[in-house]
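So you can see what is in the structure, the chains are spelled out below.
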Amino acid sequence: MTSPEIKNPPYSFFEKLKFLGPGFILSASIVGSGELIATTVLGAEGGFVTFWVILVSCLIKVAIQLEFGKNAIVTGKPLMSSFSSLPGPKNWAVWSTLLLTLFKIVQVGGMIGGAAIALSMLLPQLSPIMLAFLLGAITSLLIYKNYYSVVERTSMVMVLGFTVFTLASVIAVSYSPFAFTLSDVASGLTFKLPSNLIFVAIGAFGITGVASDEIIAYTYWCLEKGYAKYAGENDGSDEWKVRANGWIKIMYLDALVAMVIYTVVTAAFYLLGASILYGNEDIPSGNQLIETLANIYTQTLGENARLAYTAGAFFVLFSSVFATLAYWTRLFPDIFGELGWIKWEDLKTRKKWVAILAWALPILWALAFAFVNLPSFMVLFGGVVGSVLLIVVVYAAVCFRFKNNRLNLASGAFSTMLFWLSVISIGLVSVYGIVKLF
């Protein structure tokens, strides 16, 4: 019997656009702390010389993301089910994901703290710490019911807003004393990495573009969008292969659109930081981070743009907090179920844990910000942790590719070359960074 949820994929371009969505949530998560904080700090400290790190980070990791998305469509199961079957000690990848994600509470604390600092510039009568807890409560209200449609639509609005504003600022800097030239940009494509920028570069590589978190999160959004459900369960038939191949290609289009958005915006943040902050030798740090970054906009658009900047900075940072909570409330129940702590198959149990986590996690993030109170360091620390998790993700992607290759779905010489280039590049950058650090 054929499931009523099974659908043949659309073939016209405009019909395919109706099924995009996971990439917008991904962009809302990506274009946040990594871009506003880590990318700009790297530009401020290194000038144009490390521009290549940002571009490589954005472009190279998408092949790993595609492999994870394909695996989600083929299996139709949440990611930890596949992680538990990876070669090696039982559930080692599940435990690694759990422990490393717990370390990243510090990072998200920096993100929610940054958003609170931006909001406190608009509401100076309220302290950033108080606002961090308030923002946590607002995020919880948006997420605790676990509606995918709310996550997707909210993400689309945020992505549109900060993309337009950031690009307007790049155009404006061309008419300021801080205008940069094509030769400046070219100087950042020489693959040099000064030793004093290793920590910042590794953090930026780990957190910009499709970081390990976003790669993992993408699998949940693909499932909730319905790609696997529409393809149906793998019964080995030619009909299933045709459907699965079609939905995988739509997933590829979704990922490509997301990549264009976050690469353009990430490059824009970096170039603004390198042209303005590096020239002023004004390096963001501590609670002065958002105020310092405001120079990007006030120097290009004038003092009247400060209000617009702070509003834009708030939404950039808050979008990451919002998308992260939506992702973590799906990830942790999946981990708990795979470790046998809860009955994941029980929808009522899953919803209960989503609600618990939706309220508990933002409290932990706000507490982390209250104790550490250094959003720039907190975000970059999370980027380094993310680089470690990225090694687990890359290993899993290689295993997924070998396992799913026999199905011969949406594969070819170009995708194979891009995948292995991604694996090798991530491996080399990780090893290079570790060697330079020690």
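Provided above is the structure to which this section pertains.
Presented here is an overview of the structure given in this document. No experiment lies behind these values; they were computed from the predicted model shown.

What counts as what
Residues numbered from 1 in each chain as written. Predicted model: local features only at pLDDT ≥ 70, side-chain atom pairs only at ≥ 80, totals over all residues. Heavy atoms only, no water. Helix = DSSP H or I, 4+ residues; strand = E, 2+ residues; numbered from the N terminus. Buried < 20%, exposed > 50% of the residue type's maximum accessible area, 1.4 Å probe, protein only. Contact = heavy atoms within 4.5 Å. Phe/Tyr/Trp six-rings, centres within 6.5 Å; stacked < 30°, edge-to-face > 60°. Lys NZ or Arg CZ within 6 Å of the ring centre and 35° of its normal. Core = buried A, V, L, I, M, F, W, Y, C linked by side-chain atoms within 4.5 Å. Axes fitted to C-alpha atoms, helices over the stretch in contact; angles between N-to-C directions. Parallel < 35°, antiparallel > 145°, perpendicular 65-115°, else oblique. Nonpolar A, V, L, I, M, F, W, Y, C, P; charged D, E, K, R; others polar. Expected span 1.5 Å × (residues − 1). Left-handed = near helix turned anticlockwise from the far one by under 90°. Lys, Arg positive; Asp, Glu negative; His and termini not counted. Salt bridge = Lys/Arg side-chain N within 4 Å of Asp/Glu carboxyl O.

1. Notes on the overall build of the protein chain
And step 1. Within the protein chain one finds 20 helices and zero strands.
And step 2. Across the 438 residues in the protein chain, those meeting the buried criterion constitute 58%.
And step 3. Of the contacts made within the protein chain by residues no fewer than 6 positions apart, 86% connect residues no fewer than 24 positions apart.

2. Describing the packing of aromatic side chains
The description of two aromatic rings rests on the distance between their centres and on the angle between their planes.
And step 1. Under the counting rule described, the total for this entry stands at 25 aromatic pairs.
And step 2. Here the aromatic rings of F19 and W247 are separated by 5.1 Å at their centres, their planes lie at 75 degrees, and the arrangement is edge-to-face. Here the residue F19 occupies a position in the loop between α1 (13–17) and α2 (22–30), and W247 occupies one in helix α15 (residues 238–280), the gap between them amounting to 228 residues.
And step 3. The exposure class of F19 is buried, given its relative accessible area of 18%.
And step 4. Ring plane angle 80 degrees and centroid distance 5.7 Å describe the contact between W328 and F332, whose orientation is recorded as edge-to-face. Taken together, the residues W328 and F332, both in helix α17 (residues 306–338) and four residues apart, mark about one turn of the helix.
And step 5. Through successive ring pairs, a cluster of aromatic residues spans W95, W328, F332, F336, W341, W353 and W365.
And step 6. Across the ring face of W344, the terminal group of R350 is positioned such that the distance to the ring centre comes to 4.0 Å.
And step 7. One residue, R401, lies across the ring of F419, its end atom 4.9 Å from the ring centre.

3. As for the nonpolar core
And step 1. By size, the foremost hydrophobic cluster in this structure holds 126 residues, and its most contacted members are I64, F68, F83, Y262 and W365.
And step 2. In terms of residue count, α15 provides more of this core than any other element does, 18 residues in total.
And step 3. If we ignore the near neighbours within four places in the chain, the residues touching Y262 are S27, I30, V31, C58, V62, Q65, G209 and V210.
And step 4. Counting residues in hydrophobic clusters, the runner-up holds six residues, among them V170, V173, F178 and L272.

4. Let's talk about the environment of M121
And step 1. Assignment of secondary structure puts M121 in helix α8 (residues 105–122).
And step 2. Residues M121 and L307, 186 residues apart in the sequence, show an inter-C-alpha distance of 8.6 Å.

5. Points about the packing of helix α13 (residues 212–225) against α17
And step 1. Where α13 contacts α17, the axes come no closer than 10 Å and their chain directions differ by 80 degrees. Of the possible angle classes, the one that applies to α13 and α17 is roughly perpendicular. Here D213, I216, A217, Y220, W221 and E224 of α13 lie close against α17, whose contacting residues are A323, A326, Y327, W328, R330, L331 and D334.
And step 2. Counted by class, the contact of α13 with α17 contains nine nonpolar, no polar and four charged residues.

6. Focus on α13
And step 1. The end-to-end C-alpha distance of α13 is 20 Å, a good match for the 20 Å that 14 residues give at a rise of 1.5 Å each.
And step 2. Taking burial as the measure, the 14 residues of α13 include twelve buried ones, the bulk of the element.
And step 3. Among all positions in α13, only S212, D213, E214, I215, I216, A217, Y218, T219, Y220, W221, C222 and K225 are buried.
And step 4. Phi turns positive, to about 110 degrees, at G226, one or two residues after α13.

7. Some remarks on unusual backbone geometry
And step 1. One non-glycine residue with positive phi stands out, namely N91, at about 60 degrees.
And step 2. For N91, the location among the structural elements is in the loop between α6 (79–83) and α7 (92–103).
And step 3. Classification of N91 as buried rests on a relative accessible area of 8%.
And step 4. Notably, F191 is not glycine yet its phi reads approximately 60 degrees, a positive angle.
And step 5. You can see F191 is positioned in the loop between α11 (182–187) and α12 (198–207).
And step 6. When its relative accessible area of 58% is taken as the criterion, F191 is described as exposed.

8. Let's talk about the packing of α8 against helix α19 (residues 375–404)
Relative orientation and spacing of two packed helices are given, respectively, by the angle between their axes and the distance between those axes.
And step 1. Contact pair α8 / α19: the axes reach a minimum separation of 7 Å and the direction vectors enclose 145 degrees. Along this stretch, α8 crosses α19, giving a crossing that reads as left-handed. Across the interface between the two elements, V106, Q107, G109, G110, M111, G114 and I117 of α8 pack against P375, M378, V379, F381, G382 and G383 of α19.
And step 2. Within the contact of α8 with α19, the residues separate by chemical class into seven nonpolar, six polar and no charged.

9. Concerning the environment of A231
And step 1. Mapped onto the elements of the fold, A231 is located in helix α14 (residues 227–231).
And step 2. On a C-alpha basis, the gap between A231 and G246 in space is 8.4 Å, while along the polypeptide they are 15 residues apart.
And step 3. Among all residues touching A231, those that are not within four sequence positions of it are I73, W240, R243, A244 and W247.

10. Brief notes about the side chain of K70
And step 1. With respect to the helices, strands and loops of the structure, K70 is situated in helix α5 (residues 62–75).
And step 2. In this structure, K70 is buried with no salt-bridge partner, the nearest side chain bearing the opposite charge being E67 at 4.3 Å.
And step 3. In this structure, K70 is in contact with I248, M251, Y252, L409, A410 and S411, ignoring residues within four places of it in sequence.

11. Brief notes about the pattern of salt bridges
And step 1. Using the criterion set out here, one finds five salt bridges in the structure.
And step 2. For R401, the salt bridge identified is with E67, shortest N-O distance 2.8 Å. Separated by 334 residues along the polypeptide, R401 in helix α19 and E67 in helix α5 bring together distant segments of the chain.
And step 3. The salt bridge involving R330 is made with E224; its shortest N-O contact spans 2.3 Å. Placement of R330 in helix α17 and of E224 in helix α13 is noted, with a sequence separation of 106 residues between them.

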